[in-house]
Amino acid sequence: MSEFKKIPVILDGDPGHDDAIGWTLAQGSGRFDILAVTSCSGNVGIEKTTYNTLRVCTLLGIDAPIAEGCPHPLTADVMNAPSVHGESGLDGPALPEPAMEVCGLTAVELMAKVLRESPEPVTIIPTGPETNVAALLLAHPELKPKIKQISLMGGGIAYGNWTPAAEFNILVDPEAAKIVFESGIPIIMAGLDVTEKALIMPEDFERIRALGNPVSDIVAKWLEFFYIFHKSIGYEGAPMHDPCAVMALIHPEVFTMKPMHVEIETQGEYCRGCTVGDQLGLSGKAPNAQVILDVDRKAFADRLVESMKFYGEGAK
Amino acid sequence: MNKYPVWLDCDVGVDDAIAIMALHALEETDLLAISTVSGNVPLSSTFSNAHRMNGLMKTNYPVYKGADRPLIVQPQYAYTFHGKNGLGDVELPLPEDAKMLDTPAWDALYDCAKQHPGELRLIAIGPLTNVAIALTKYPELKTLLHTILIMGGAAVGGNVTPAAEFNIYADPDAAQIVFKSGVPIVMCGLDVTMQAMFRPEDWDELAQTGTEAGKFTKACVQKAWAFCKSIGLPGVAMHDACPVMYLAHPELFRAEEAGVYVETRGSITRGKTVTDLYSDKQFETKNAMVVLGVDRDKFIGVLKDCIRKI
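Quick caveat, the model's predicted, so the values are computed rather than measured. (Residues numbered from 1 in each chain as written. Chains lettered and ligands numbered in written order. Predicted model: local features only at pLDDT ≥ 70, side-chain atom pairs only at ≥ 80, totals over all residues.)

Comments concerning the sheet that holds strand S11 (residues 289-295) of chain A
All names here are of chain A. Using the following cut-off: DSSP-based pairing: two strands are paired if at least 2 bridges between them are found. Working definition: helices are DSSP H or I runs of at least four residues, strands are E runs of at least two. Numbering for both runs from the N terminus. Think of it this way: build a C-beta for each residue from its backbone, and any pair within 7 Å is a contact. Working convention: axes come from line fits to C-alpha atoms, limited for helices to the stretch in contact. Angles between N-to-C directions cover 0 to 180 degrees.
Across the sheet, which stays open at both edges, the 9 strands sit in the order S3-S2-S1-S4-S5-S6-S11-S9-S10 with mixed pairing between neighbours. Across the chains shown, the open sheet's two edge strands, defined by having one partner strand only, are strand S3 (66-67) and strand S10 (275-278). As paired strands, strand S5 (residues 147-153) and strand S6 (residues 187-190) are joined by 4 bridges and run parallel to one another. In the strand pairing of S6, Ile 150 is matched with Ile 187. Here helix H1 (residues 17-29) sits on the sheet in contact with strand S1 (7-13) and strand S2 (32-39), set at roughly 160° to S2. Strand contacts of helix H7 (residues 174-181): S5, S6, strand S9 (255-264) and S11, with the helix running at about 110° to S9, the strand carrying the most contacts.

Printed below as a string of structure tokens:
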């Protein structure tokens, strides 16, 4: 893996099983230089996602400053998804207690510091609501040139999940998502169009477990827990929403992407949080996002499983 | 053969004209009357165009005049596709014996529905203004209609804005009244209608039959074809013929039951037909069959047979 120059990134998420698996992929791939990890309010409240962020980074051996994100969406009330992730936000296997603490800066301060100090532009991978990233853009417009791109999990061109028209991460903070999509920073959007096709099947859980390292065992249990909810609503496997945003940066070849203009509906009776994609060019506006529409599921699963081997290589 | 009694509400319109010919010729349907609405072109044109179709087909279907503007939003028209006169700028004569009926569309529709309780199929292929007014003025109407088959909306995408299709966008409030009415709805949106492509070889073949209807068919789609060709489409989508054909030949289509409601308040999604077809979150009520696919060749085959008979 050393033939690749590492991609400097900030991980921003609300772990959450699929956030945690996305970060497991990020660390296990060996392809990223993780400069900071920030928590955000989303799947569960900010105290829990911060605690989970510390536990996951401890488990994975991510040695980067960690900061707590904004406690609530920019203007909207807090909305959580405990039905999917359990009360702790990361129910299932026992995890190690945090071996580190948050760094003492807010997420926005930490992101700004990292961007300022980085010699090259940094990629941000938001896998929760866009609150922290929007707050960063509002507070530090001067740092925009230091953001190379934003590879996010959120939205859906064809449909939603939390409402018929809106996906959870965007629905939680549509105003923040609007700020991010209108920022002019290159965006890769991993929405439901692809993430619900990026299924990890029960047989894949076993492939991961069979790797027999301490992380792979926990990932297999996360997948089993995460799959309980999804199986109950008819899924054949566990949808790897957040890992898509990570995978898109290192294995774009497994995806089908289409550039288009994406706008966020912040109003409406049914459509608040809808990501409206201009597939036919009706708006006359230039594309602002690479929207991922499809995935080679088998290749995706293979690469995800492969990344878990990292944790069995010992002395890392 | 038991024919389905049909009321057609339309905004003639190139593909409306073709849908009218299909309804007239299909053995499975019994067209009782036509009402017209402001939509593709203003009401005065859609009303006279329905009469002109009577002239072309040598028929005497009663034609009623409906709303001259949407319930709440400002009217807008689709001249690029339908031409200034709504029939692709083909001049069809207004028949001398055309009966200019005074009864408003909604009153006439209600009277007709009372004569066919539980049986009348309402096919609505323009903005849903007339239908919404009828349902609002006569709450009983919803129990009298068998089905409302519409051309409008899209489960995915749009053609006026990225989120909205023309007929729904033109009067979203009316559409929401219809979707909330409780009458079973068949929605033929862009998902299926963009598959119902009428191609140059199809209209050439019809023109070569030498009939007035055949020659008119080719002539009236030319303006729309110029537009469709310019955006890379292989033909002209027969949007409005879809619900007509679905009624007569449902076996040619693929449809799924869903909850469908119309966004009337969005800033960029106004007029979007929000369906729960693919979403984890479902609406409480399944109020529509959303038509998603069609066997294009068989569809166009039946359509051509219809026009040949006229």
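Regarding the interface of chain A and chain B
Our working definition: Charged means Asp, Glu, Lys or Arg here, nonpolar means Ala, Val, Leu, Ile, Met, Phe, Trp, Tyr, Cys or Pro, and polar covers whatever is left, Gly included.
In this assembly, 24 residues from chain A lie in contact with 22 residues from chain B. Residue contributions to the side of chain A that touches chain B peak at 3 residues, all from S10 of chain A. For the side of chain A that touches chain B, the per-class residue count stands at 11 nonpolar, 9 polar and 4 charged.

So, helix H12 (residues 222-230) of chain B
All names here are of chain B. The cut-off we apply is this: Burial in this document is a count-based property: other C-beta atoms within 10 Å of a residue's C-beta are tallied, and the residue is buried at 20 or more, exposed at 12 or fewer, or partly exposed in between, with C-beta positions derived from the backbone.
Among all positions in H12, only Lys 223, Ala 224 and Trp 225 are buried. Buried residues along H12 sit in contact with helix H1 (14-25), helix H3 (79-82) and strand S8 (236-237). Looking one or two places after H12, you find Gly 232, whose phi comes out positive at around 85°.

Details of the packing of H1 of chain B against helix H2 (residues 43-57) of chain B
To describe two helices that pack against each other, one gives the angle between their axes and the distance between the axes. Residues and elements named next belong to chain B. Rules: Oblique is the label for any angle not under 35 degrees, not over 145, and not in the 65 to 115 range, which are roughly parallel, roughly antiparallel and roughly perpendicular in turn. Each crossing is labelled by how the near helix is turned from the far one, with a counterclockwise turn of less than a right angle marking it left-handed and a clockwise turn marking it right-handed.
Following both chains from N to C, one finds H1 and H2 inclined at 45°, their axes separated by 11 Å at the closest point. By the angle between their directions, the pair H1 and H2 is classed as oblique. The two elements H1 and H2 cross, and the hand of that crossing is right-handed. From H1, Ala 17, Ile 20, Met 21 and His 24 reach across to H2, where they touch Asn 49, Met 53 and Met 57. Classifying every residue of the contact of H1 with H2 gives 5 nonpolar, 2 polar and no charged.

A few points about helix H10 (residues 200-208) of chain B
All names here are of chain B. Which entries qualify depends on this criterion: Arc definition: directions from the helix axis to the C-beta atoms.
Taken together, the buried positions of H10 are Asp 202, Trp 203 and Leu 206. Along H10, the residues classed as buried sweep out an arc of 90° about the axis, all on the same side. In H10, the exposed positions that point more than 90 degrees away from the buried face belong to Glu 201, Asp 204 and Gln 208. On its buried side, H10 packs onto strand S7 (197-198), helix H11 (212-220) and helix H14 (296-308). Immediately beyond the C-terminal end of H10, within one or two residues, lies Gly 210, with a positive phi of roughly 85°.

Quick look at the packing of helix H5 (residues 131-139) of chain A against H7 of chain A
Residue and element names in this part refer to chain A. Between H5 and H7, whose axes approach to 8 Å, the crossing angle comes to 55°. Comparing their axes, H7 and H5 come out oblique. Considering only the axes of H5 and H7, their crossing is left-handed. Contacts between H5 and H7 involve Thr 131, Val 133, Ala 134, Leu 137 and Leu 138 on the former and, on the latter, Ala 176, Ile 179 and Val 180. When the residues that make up the contact of H5 with H7 are grouped by side-chain class, the tally is 7 nonpolar, 1 polar and no charged.

That's the geometry; what it means functionally is another story.
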